[in-house]
Amino acid sequence: MTGIISTDVLIVGAGPVGLFAVFELGLLDLKCHLIDILDKPGGQCAELYPEKPIYDIPGWPSISAQGLVDKLLEQVEPFKPDFTYNRMVSSLEKLDDGGFRVTTDENEVFEAKVVVIAAGGGSFQPKRPPIPGIEAYEGTSVFYSVRRMEDFRDHDLVIVGGGDSALDWTLNLQPVAKSVTLVHRRPEFRAAPDSVNKMYAMQEMKQLEFRVGQVTGLTGADGQLASATIKGGPDGDIEVPCTRMLPFFGLTMKLGPIAEWGLNLHENLIPVDTEKFQTSVPGIFAVGDINWYPGKLKLILSGFHEVALMAQAAKRVVSPGERIVFQYTTSSTSLQKKLGVSG
Amino acid sequence: MTKLTFIAHDGTHFDVDAENGSTVMENAIRNAVPGIEAECGGACACATCHVYVDEAWTAEVGEPEAMEEDMLDFAYEVQPNSRLSCQIKVRDALDGLIVRVPERQG
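Residues numbered from 1 in each chain as written. Chains lettered and ligands numbered in written order. Predicted model: local features only at pLDDT ≥ 70, side-chain atom pairs only at ≥ 80, totals over all residues. Heavy atoms only, no water.

J.: Please explain the overall build of chain B as it appears in this structure.
T.: Helix and strand counts for chain B come out as three helices and five strands. Ordered by position from the N terminus, the helices and strands of chain B form the series β-β-α-β-α-α-β-β. C-alpha extents for chain B along the principal axes are approximately 30 × 25 × 25 Å. The buried share of chain B, reckoned over its 106 residues, is 53%. Here the contacts in chain B between residues at least 6 apart in sequence split such that 65% fall between residues at least 24 apart. Carbon and sulfur atoms make up 47% of the accessible area of chain B, which amounts to about 4,900 Å² in all. Each charge class in chain B can be summarised by its mean position, and for the 7 positive and 20 negative side chains these summaries are 4 Å apart. (Helix = DSSP H or I, 4+ residues; strand = E, 2+ residues; numbered from the N terminus. Buried < 20%, exposed > 50% of the residue type's maximum accessible area, 1.4 Å probe, protein only. Contact = heavy atoms within 4.5 Å. Areas by Shrake-Rupley, 256 points an atom, 1.4 Å probe, with all protein chains shown as cover. Lys, Arg positive; Asp, Glu negative; His and termini not counted. Charge placed at Lys NZ, Arg CZ, Asp CG, Glu CD.)

What follows is the structure, given as structure tokens:
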């Protein structure tokens, strides 16, 4: 375990609203650290629809989702936020001094005076394929990512999917596994053509098997898989040996461990007040798509408004008693100094 | 107005009047058809508005484009008549279109 990372504000989620929170908090001299489960900033904008235009960002008649993320990154740059990617927050603990200790799924420890949940639709997690009974094998025979290649040594491996993850692991695990069967519902792939060509070449040499179809059934006992049924290919239903399975069915969004933080919830959303956007726990705020209040609209622009008000309240938590002078970026020399511009 | 019929998984029919140019998904959401989630809001970025196009209509509705095919990889029980309803635009020629909602989305 590395040392404790301290910051004024820990922001969970680096989507557009989490990013703009850095700006508003930064104007009030609060230093931010963002954690995101993705490997990049931007949240849904970057992951789901980077090239799609957004038409309801004030001042931008049309801007691509990735374009908006890029502009936000440029806007918050003066405040030098820190980012930790590929991590999910797991536990939260209240400290005696009023702050919070947050631990990630990789056991990094953060301490912050304020926690801002800007987690959008929740954390992106691998989607469970619609195979009856698959839950019983998860974590023992069915995995959604590869942590150690050795876990697959000498196993009959079935990989399901047609994207880069599926193809890359087919190629990388082939030398380790006892057998590899790649299953995809059609002969066209989303993966890089080069990987697809390599896969077909290995199939020619009988080093692996590619089958068109869908996995519809599993057999096994006590969490240990034995075989998988593949349906829909030209050969009809077939059963293949399978002691390890790697399904790559894309991502879905789930609230995840935040649900266990002791906050009041409203249908998987976090209720907040509309003055501070604070949750039921003082010092923990929720902004953007993850929060709920009467009249809530899940719009990026609503999130932007929410972070401006939240920042004022967060400042009062971090620096109690300090007078906050309301200022405009257009005219305030002190704000302009923070932004690194001169008026 | 173009008439569309959604048949929910439990067999309930939803007959709706749809505006040309809108998507089949938008009409499902507007009329609260159960089983159409449309998580991404119509960006062809998830596969939670999956429908089966009635066999009589598959030719008129047409085939999915490559990007939609890619997303269909993530859908549940994909069949040859599977489409993402956010990618079907309502037009005069689709008057009377019937689509079925699968048992579940992903």
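J.: How should I be thinking about the pattern of salt bridges in this particular structure?
T.: Side chains that carry opposite charge are capable of pairing whenever their charged atoms lie near each other. What the rule picks out here adds up to 29 salt bridges over all chains. As a salt-bridge pair, Arg101 of chain A and Glu93 of chain A come within 3.8 Å of each other at their nearest N and O atoms. Residue classification places Arg101 of chain A among the partly exposed residues on the basis of a relative accessible area of 26%. When its relative accessible area of 41% is taken as the criterion, Glu93 of chain A is described as partly exposed. Taken together, the shared-partner salt bridges in this structure form one network comprising Arg185, Arg186 and Arg190 of chain A together with Glu69, Asp70 and Asp73 of chain B. (Salt bridge = Lys/Arg side-chain N within 4 Å of Asp/Glu carboxyl O.)

J.: What is the right way to look at the pairing of strand 2 (residues 32-35) of chain A in this model?
T.: Consecutive side chains of a regular strand alternate in pointing toward one face of the sheet and then the other. Residue and element names in this part refer to chain A. Alternating residues of strand 2 divide into Cys32 and Leu34 and His33 and Ile35, and every residue in both groups is buried. As paired strands, strand 1 (residues 5-12) and strand 2 are joined by four bridges and run parallel to one another. By the bridge assignment for strand 2, Ile11 is matched with Leu34. Viewed along the sheet, the connection from strand 1 through helix 1 (residues 16-27) into strand 2 turns out right-handed. Where strand 2 and strand 5 (residues 82-84) come together, three bridges link them in parallel fashion. Counterpart to Ile35 in the pairing with strand 5 is Thr84. (Pairing = 2+ DSSP bridges. Right-handed = clockwise from strand over helix to strand, strands pointing away.)

J.: Honestly, the packing of aromatic side chains in this entry has me stumped. Any pointers?
T.: Both the distance between ring centres and the angle between the ring planes are used here to describe each pair of aromatic rings. Per the counting criterion, the structure on display carries ten aromatic pairs over all chains. Measuring from centroid to centroid gives 5.3 Å for Phe20 of chain A and Phe23 of chain A, while their planes differ by 10 degrees, and the two rings are stacked. Residue Phe20 of chain A and its partner Phe23 of chain A are located together in helix 1, separated by three residues, close to a single helical turn. Take Phe20 of chain A and Phe23 of chain A: they sit in the same class, and that class is buried. With a centroid separation of 5.9 Å and 70 degrees between ring planes, the pair formed by Phe143 of chain A and Phe152 of chain A is classed as edge-to-face. Cluster of aromatic residues (ring-pair linked, three or more members): Phe20, Phe23, Phe79 and Phe304 of chain A. Here the basic side chain of Arg104 of chain B rests over the ring of Tyr76 of chain B, its NZ or CZ set 4.7 Å away from the ring centre. (Phe/Tyr/Trp six-rings, centres within 6.5 Å; stacked < 30°, edge-to-face > 60°. Lys NZ or Arg CZ within 6 Å of the ring centre and 35° of its normal.)

J.: I would appreciate a short explanation of the layout of surface pockets in the present structure.
T.: Gaps left between atoms are located by rolling a probe of water-molecule size over the structure's atoms. Taken as a whole, the largest pocket spans an internal volume of roughly 1,600 Å³. Together, 47 residues line the largest pocket, and Leu38, Glu47, Ser165, Gly250 and Leu251 of chain A are the ones closest to its centre. Put simply, the parts of the chain that give the lining of the largest pocket at least two residues each are strand 9 (123-126), helix 4 (164-173) and strand 17 (251-254) of chain A together with helix 3 (66-72) of chain B. Taken together, the residues of the lining of the largest pocket break down into 26 nonpolar, seven polar and 14 charged. Each of two domains, domain 1 (5-125 + 252-339) and domain 2 (128-249) of chain A, supplies a minimum of three residues to the lining of the largest pocket. (1 Å grid on protein atoms, 1.4 Å probe; cavity = no way out; pocket = protein on both sides within 12 Å on 5 of 7 lines; lining within 4 Å. Points joined across faces, edges and corners; volume = space filled by probe spheres on them. Nonpolar A, V, L, I, M, F, W, Y, C, P; charged D, E, K, R; others polar. Domains from an automatic or database assignment.)

J.: Hey, could you run me through the nonpolar core in this one?
T.: Burial of nonpolar side chains together is a common tendency in soluble globular proteins. In terms of nonpolar packing, the biggest core is built from 70 residues, with Ile11, Leu25, Val115, Ile117, Ile258, Trp261 and Met310 of chain A touching the most fellow members. Among the nonpolar cores identified, the runner-up in size contains 48 residues, and Val215 of chain A together with Val61, Val78 and Leu84 of chain B belong to it. (Core = buried A, V, L, I, M, F, W, Y, C linked by side-chain atoms within 4.5 Å.)

J.: Sorry, what's going on with the packing of helix 4 of chain A against helix 5 (residues 193-204) of chain A here?
T.: Helix packing for two helices is described by the angle between their axes and how far apart those axes are. Residues and elements named next belong to chain A. Where helix 4 contacts helix 5, the two axes come as close as 10 Å, and the packing angle between them is 45 degrees. On the basis of the axis angle, helix 4 is oblique to helix 5. Taken as a pair, helix 4 and helix 5 cross one another with a handedness that is left-handed. Side by side, helix 4 and helix 5 meet where Leu167, Asp168, Thr170 and Leu171 of the first sit next to Ser195, Val196, Lys198, Met199 and Met202 of the second. Taken together, the residues of the contact of helix 4 with helix 5 break down into five nonpolar, two polar and two charged. (Axes fitted to C-alpha atoms, helices over the stretch in contact; angles between N-to-C directions. Parallel < 35°, antiparallel > 145°, perpendicular 65-115°, else oblique. Left-handed = near helix turned anticlockwise from the far one by under 90°.)

J.: I tried to follow unusual backbone geometry on my own but got confused; where do I start?
T.: In most cases, non-glycine residues show a negative phi, while peptide bonds are predominantly trans. Residues and elements named next belong to chain A. The backbone phi angle of Lys206 is positive, close to 60 degrees, even though this residue is not glycine. Within the secondary structure, Lys206 sits in the loop between helix 5 and strand 12 (209-212). One non-glycine residue, Asn268, lies in the positive phi region at around 70 degrees. With respect to the helices and strands, Asn268 occurs in the loop between strand 17 and strand 18 (270-271). Under the relative-accessibility criterion, Asn268 is labelled exposed at 52%.

Shape descriptors only; they carry no functional weight alone.
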